[in-house]
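Analysis of the macromolecular model
Next come the chains, spelled out residue by residue.
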Amino acid sequence: LNPKPGVVLSDDKQKKWELGVEGHINNLFNPSLNFFQRTVKNEKAVAGYSYQSRTGALTCFAGTVPAFSTTSNPPNEPASATTVFTPCYTQTDTVRGGFELAASGTFADRSSYRTSLTQFTKLSTAIENTTPKNVFDFSVMHGMGVYTVSGAVKYVSPYSNSETGVNY
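Reference entry: report on the structure contained in this document. Fair warning: this is a prediction, and the values are worked out from it, not measured in the lab.

What counts and what doesn't
- Residues numbered from 1 in each chain as written.
- Predicted model: local features only at pLDDT ≥ 70, side-chain atom pairs only at ≥ 80, totals over all residues.
- Heavy atoms only, no water.
- Patch = residues over 30% accessible without salt bridge, like charges linked within 9 Å, V, L, I, M, F, W, Y side chains within 5 Å.
- Areas by Shrake-Rupley, 256 points an atom, 1.4 Å probe, with all protein chains shown as cover.
- Salt bridge = Lys/Arg side-chain N within 4 Å of Asp/Glu carboxyl O.
- Helix = DSSP H or I, 4+ residues; strand = E, 2+ residues; numbered from the N terminus.
- Buried < 20%, exposed > 50% of the residue type's maximum accessible area, 1.4 Å probe, protein only.
- Contact = heavy atoms within 4.5 Å.
- Polar contact = N/O pair within 3.5 Å; in protein donor to acceptor, adjacent residues only side chain to side chain.
- Core = buried A, V, L, I, M, F, W, Y, C linked by side-chain atoms within 4.5 Å.

Section: a nonpolar patch on the surface
- A contiguous nonpolar patch, built from Leu101, Leu117, Phe136, Phe138, Val153 and Tyr155 and spanning about 540 Å² of accessible area, is present on the exposed surface.
- Among the elements of the structure, strand 6 (134-144) and strand 7 (147-156) are those that each provide at least two residues to the nonpolar patch.

Let's talk about the pattern of salt bridges
- Evaluation of the coordinates by the stated rule reveals 3 salt bridges.
- Of the charged contacts, one joins arginine 96 and glutamate 43 as a salt bridge, the two residues approaching to 3.1 Å between their closest N and O atoms. One end of the pair, arginine 96, is in strand 4 (residues 86-108); the other, glutamate 43, is in strand 2 (residues 30-52), and 53 residues separate them in sequence.
- Residue classification places glutamate 43 among the buried residues on the basis of a relative accessible area of 16%.
- For arginine 114, the salt bridge goes to aspartate 137, with nearest N and O atoms at 3.8 Å. Of the two residues, arginine 114 sits in strand 5 (residues 111-123) while aspartate 137 sits in strand 6, which places them 23 residues apart along the sequence.
- For arginine 114, a relative accessible area of 33% translates into the label partly exposed.

A look at the environment of aspartate 137
- The buried category is assigned to aspartate 137, whose relative accessible area is 18%.
- Along the backbone, aspartate 137 and valine 156 are 19 residues apart, and their C-alpha atoms lie at a distance of 8.7 Å.
- Setting aside its immediate chain neighbours within four residues, aspartate 137 contacts Arg114, Thr115, Ser116, Val153 and Lys154.
- In terms of polar contacts, aspartate 137 uses its side chain to reach the side chain of serine 116, at 2.8 Å.

Considering the nonpolar core
- Counting 6 residues, the largest nonpolar core is built from Val46, Tyr49, Tyr51, Phe61, Phe85 and Tyr89.
- A total of 3 residues in this core trace back to one element, the largest contributor, which is strand 2.

Structure below.
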């Protein structure tokens, strides 16, 4: 990885735990609840983009590539035919924690569903804007003869992509 100037990238170390309970009430309804946490020391994140300057130095600037195209001039640089942008990275310690509430079941022969809500209740400041707070999904499968029809719906709450700053 290309580090941001002044940053020395160190090995990352992760600690994860998950604790869950699941119940079997009947074939139609089987709930589960899982708690989780992931702690990362030295997690890498895009800090900006580097390009080769006219002096030959590799310069890392904060911002997004769409701010200027690969054929226009970077900030404080003369116009050039092409400029290649490479992500430059920084690191920080992060924590993500929360819970998942899920239910699954079968409602006919070869027919089943699963639904879940995942909510992050603990996010480090460095990643709170780049991690969706809530994720909801629902999927269903139904067997019909030799065929199986399936479908899924997923909702992800708004968040920002760390590489481009674009909100989703």
